[in-house]
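The residues making up each chain are set out below.
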Amino acid sequence: MVSSLDGFIAKKDNSVSWLEGAGSVYEAGVSMSGEEATTFVQAIDCYVLGSRTYEHALELGWPYGDTPTVVVTGREWRSARKSVEFYSGDLKNLVYGKLSPRYRNIWLVGGAMLCRRFLELGLVDEIRLTIAPVLLGEGLRLFGDSPTEEQWNLKDVVAYKNGFVELTYSAPAA
Ligand SMILES: NC(=O)c1ccc[n+]([C@@H]2O[C@H](COP(=O)([O-])OP(=O)(O)OC[C@H]3O[C@@H](n4cnc5c(N)ncnc54)[C@H](OP(=O)(O)O)[C@@H]3O)[C@@H](O)[C@H]2O)c1
């Protein structure tokens, strides 16, 4: 998930230019080669998307290739791609009954609504949050009100030359 410095993951008009960075250069940062990016993406076995993120991904030009993708929705859809299936129902059944027996690395893409539900249900074992060097002022917040406090464990920090910082956390022990 990529968030702005002030905690937004999408602009009101859904434009994504803020995700490309504005050319700020952090000299001590690293950059990811095309080969590294490919290896990273190839390690993902399955994507899970909320239906609004799905619609936006189709508009943007489908970045998930032929990797199996599950779209969570309560609506009926006609699939635009063979690799996509739609799921409606209990999210624990989705993860434990359907996905984890088949896939090891399950990547919850978002959006905010689906991520919050997965977090509430304790279905997330790792958070990868990349902070973009921009204040958006308004938009869609990743995190909403939550009744519980949870300590997550910082596992890794990577700062990139373009000013983005990737934070990886693992879930608190159950
Ligand atoms: N910055 C980033 O890294 C990032 C990543 C991902 C997404 N985004 C952005 O986030 C925005 C979309 O986020 P969002 O929070 O508005 O929507 P979302 O989470 O993508 O999708 C919400 C929809 O998912 C379905 N859904 C969610 N929870 C469900 C449940 N428990 N059971 C059944 N269906 C459920 C519902 O679909 P139905 O209405 O069809 O029933 C709901 O309307 C887009 O702009 C997208 O581009 C940004």
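From a predicted model like this one, the values you see are computed outputs, not experimental measurements.

Asks: Please clarify how unusual backbone geometry should be interpreted in this entry.
Replies: Peptide bonds are, in most cases, trans, and in most cases residues other than glycine have a negative phi. Cis geometry is adopted by the peptide bond preceding G111, which originates at G110 and carries an omega value of 0°. Here N14, not a glycine, exhibits a phi torsion of approximately 70°, which is positive. Mapped onto the secondary structure, N14 falls in the loop between β2 (8-10) and α1 (34-42).

Asks: Would you mind showing me how to read helix α2 (residues 51-60) here?
Replies: Side chains that are three or four residues apart share a direction in an α-helix, a result of its 3.6 residues per turn. Three or more residues of α2 are buried, namely S51, T53, Y54, H56 and A57. Looking one or two residues beyond α2, the residue adopting positive phi is G61, at roughly 110°.

Asks: Could you clarify how one ought to interpret the side chain of S4 in this entry?
Replies: Looking at the element boundaries, S4 is found in strand β1 (residues 2-4). On the basis of relative accessibility, which here comes to 1%, the residue S4 falls in the buried class. Each residue touching S4, except ones within four places of it in the same chain, is listed here: W18, I131, A132, V134 and L136.

Asks: Looking at this structure, how should I read the sheet that holds strand β4 (residues 69-72)?
Replies: Pairing between the strands of a sheet is mediated by backbone hydrogen bonds and can be parallel or antiparallel. Overall, parallel pairing links the 4 strands, which are arranged β5-β4-β3-β6 in an open sheet. One side of each edge strand has no neighbouring strand; the edge strands of this open sheet are β5 (84-87) and β6 (106-110). Strand-to-strand twist in this sheet, taken as the mean axis angle between neighbours without regard to direction, amounts to 25°. In this structure, β4 lies alongside β5, joined through 4 bridges in parallel fashion. Paired with V72 across the bridge in β5 is Y87.

Asks: So what exactly am I meant to see when it comes to a nonpolar patch on the surface here?
Replies: The grouping of M32, F40 and V41 at the surface amounts to a nonpolar patch, some 240 Å² of accessible area in total. For F40, a relative accessible area of 30% gives the class partly exposed.

Asks: Got a minute to help me understand the packing of aromatic side chains in this structure?
Replies: Describing an aromatic ring pair means giving the distance of the ring centres and the angle of the ring planes. Summed over all chains, the structure comprises 7 aromatic pairs. Plain terms: the ring middles of F40 and W107 are 5.7 Å apart, the flat faces sit at 85° to each other, and that makes the pair edge-to-face. Here F40 is found in helix α1, whereas its partner W107 is found in strand β6, with 67 residues between them in sequence. Residue classification places W107 among the partly exposed residues on the basis of a relative accessible area of 22%. Considering the side-chain rings of Y54 and W77, the 5.4 Å spacing of their centres and the 80° angle between planes classify their relative orientation as edge-to-face. Of this pair, Y54 sits in helix α2 while W77 sits in the loop between β4 and β5, and the two are 23 residues apart along the sequence. Given the relative accessible area of 24%, W77 is considered partly exposed.

Asks: Help me out: how do you make sense of the packing of helix α3 (residues 91-99) against helix α4 (residues 112-120) in this one?
Replies: The axes of two packed helices give the description: the angle between them and the distance between them. As a packed pair, α3 and α4 sit with axes 10 Å apart at the nearest point and diverge in direction by 75°. By the criterion of interaxial angle, the relationship of α3 to α4 is roughly perpendicular. Facing L91, L94 and V95 of α3, the residues of α4 in contact are L114, R117 and F118. Residue composition of the contact of α3 with α4, by class: 5 nonpolar, no polar and 1 charged.

Asks: Can you walk me through the site of the ligand in this structure?
Replies: Close to the ligand lie 23 residues, the nearest being N14, T53, H56, T73 and G74. Within the contact set of the ligand, an oxygen atom lies 3.1 Å away from a backbone nitrogen or oxygen of A112. Coverage of the ligand by the protein amounts to 82% of the 920 Å² it exposes when considered alone. In this structure, the ligand is accommodated by the largest pocket. At the level of elements, β2, α2, β6 and α4 are the ones that each hand at least two residues to the shell around the ligand. Classifying every residue of the shell around the ligand by side-chain character gives 11 nonpolar, 9 polar and 3 charged.

Here is what the cut-offs are and how they apply
- Residues numbered from 1 in each chain as written.
- Predicted model: local features only at pLDDT ≥ 70, side-chain atom pairs only at ≥ 80, totals over all residues.
- Heavy atoms only, no water.
- Helix = DSSP H or I, 4+ residues; strand = E, 2+ residues; numbered from the N terminus.
- Buried < 20%, exposed > 50% of the residue type's maximum accessible area, 1.4 Å probe, protein only.
- Contact = heavy atoms within 4.5 Å.
- Pairing = 2+ DSSP bridges.
- Axes fitted to C-alpha atoms, helices over the stretch in contact; angles between N-to-C directions.
- Patch = residues over 30% accessible without salt bridge, like charges linked within 9 Å, V, L, I, M, F, W, Y side chains within 5 Å.
- Areas by Shrake-Rupley, 256 points an atom, 1.4 Å probe, with all protein chains shown as cover.
- Salt bridge = Lys/Arg side-chain N within 4 Å of Asp/Glu carboxyl O.
- Phe/Tyr/Trp six-rings, centres within 6.5 Å; stacked < 30°, edge-to-face > 60°.
- Parallel < 35°, antiparallel > 145°, perpendicular 65-115°, else oblique.
- Nonpolar A, V, L, I, M, F, W, Y, C, P; charged D, E, K, R; others polar.
- Near = heavy atom within 4 Å.
- Polar contact = N/O pair within 3.5 Å; in protein donor to acceptor, adjacent residues only side chain to side chain.
- 1 Å grid on protein atoms, 1.4 Å probe; cavity = no way out; pocket = protein on both sides within 12 Å on 5 of 7 lines; lining within 4 Å.
- Sits in = over half its atoms within 2 Å of the grid points.

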